[in-house]
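Each chain is listed here by its residues.
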Amino acid sequence: SAQVYTLAPHPDGSLLASCDFAGIVHIWDLRAGAKIHSFSGHSGKILSSQFNPDGYRLATGSDDHTVRIWDLRRRCADYTLPAHSSLISDLRFLNEEILGTCAFDGTLSLWNCRDFKPLRTVAAHDGKTMSIDFFSSSSSSFSVVSAGFDRTLKLWTSSSTSKSI
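These numbers come from a predicted model, not from an experiment.

It is worth spelling out the overall build of the protein chain at this point. Counting secondary structure elements, the protein chain contains zero helices and 16 strands. For the protein chain, whose C-alpha radius of gyration is 15 Å, the value lies close to the compact-globule estimate of 15 Å for 165 residues. If you line up the protein chain on its principal axes, its C-alpha atoms span 45 × 30 × 25 Å. Per-residue burial over the protein chain gives 46% buried out of 165 residues.

We now examine the pattern of salt bridges. Tallied over the entire structure, the rule returns four salt bridges. D71 serves as the salt-bridge partner of R74, at 3.5 Å between the closest nitrogen and oxygen. We classify R74 as exposed; its relative accessible area is 54%. For D90, the salt bridge identified is with R92, shortest N-O distance 3.1 Å. Take D90: its relative accessible area is 8%, and that puts it in the buried class. What emerges from the salt-bridge pattern is a single network uniting R57, D71, R74 and D78.

Turning to the side chain of T6, a few remarks are in order. Of note, T6 is situated in strand β1 (residues 4–9). With relative accessibility at 10%, the residue T6 sits in the buried group. Polar contacts involving the side chain of T6 include one to the side chain of S49, which spans 3.1 Å.

The next thing to look at is unusual backbone geometry. For R75, which is not a glycine, the phi torsion comes out positive at approximately 55°. On the secondary structure map, R75 appears in the loop between β7 (67–71) and β8 (76–81). Its identity is not glycine, yet F116 carries a phi of approximately 55°, on the positive side. By the secondary structure assignment, F116 is in the loop between β11 (107–112) and β12 (118–123). Among the residues examined, F116 registers a relative accessible area of 4% and is labelled buried.

About the criteria used
Residues numbered from 1 in each chain as written. Predicted model: local features only at pLDDT ≥ 70, side-chain atom pairs only at ≥ 80, totals over all residues. Heavy atoms only, no water. Helix = DSSP H or I, 4+ residues; strand = E, 2+ residues; numbered from the N terminus. Rg over C-alpha atoms; globule rule 2.2 N^0.38 Å. Buried < 20%, exposed > 50% of the residue type's maximum accessible area, 1.4 Å probe, protein only. Salt bridge = Lys/Arg side-chain N within 4 Å of Asp/Glu carboxyl O. Polar contact = N/O pair within 3.5 Å; in protein donor to acceptor, adjacent residues only side chain to side chain.

Remember that the coordinates give geometry; whether it matters functionally is a separate question.
Here it is as structure tokens:
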């Protein structure tokens, strides 16, 4: 078996996704202590993963430059996003509506979770964008923070202004 690189706990704590360097996702039932399903489809190492807030979908990012959206109920890949021109270093769901991804191509992208079409892509850092996360200041606005290999953190508001911090 391949080395596990990333883990994603299910929002209700009952499941865990383990993702490996062979491009395989394993879904574990934590109560039973058993693997209940595996997904394959990435042609490279899986480097990031997260369940969406309702727990029905899992997003995975790979060094094959794609993000895959797995449907746990139907047990298949719903979407394959040609997300970036380099490996996907991190991804996060803001909520049921927005997924954020970042990559070694220096960009971060926001995706509409209804159809997984891109909402916006931003040249975030000089060099690799290593990490992305969200926080909300109200129900109608949010901010994205990104960390780059260029030793900077950048704050992006939902009004699309950026600041290095």
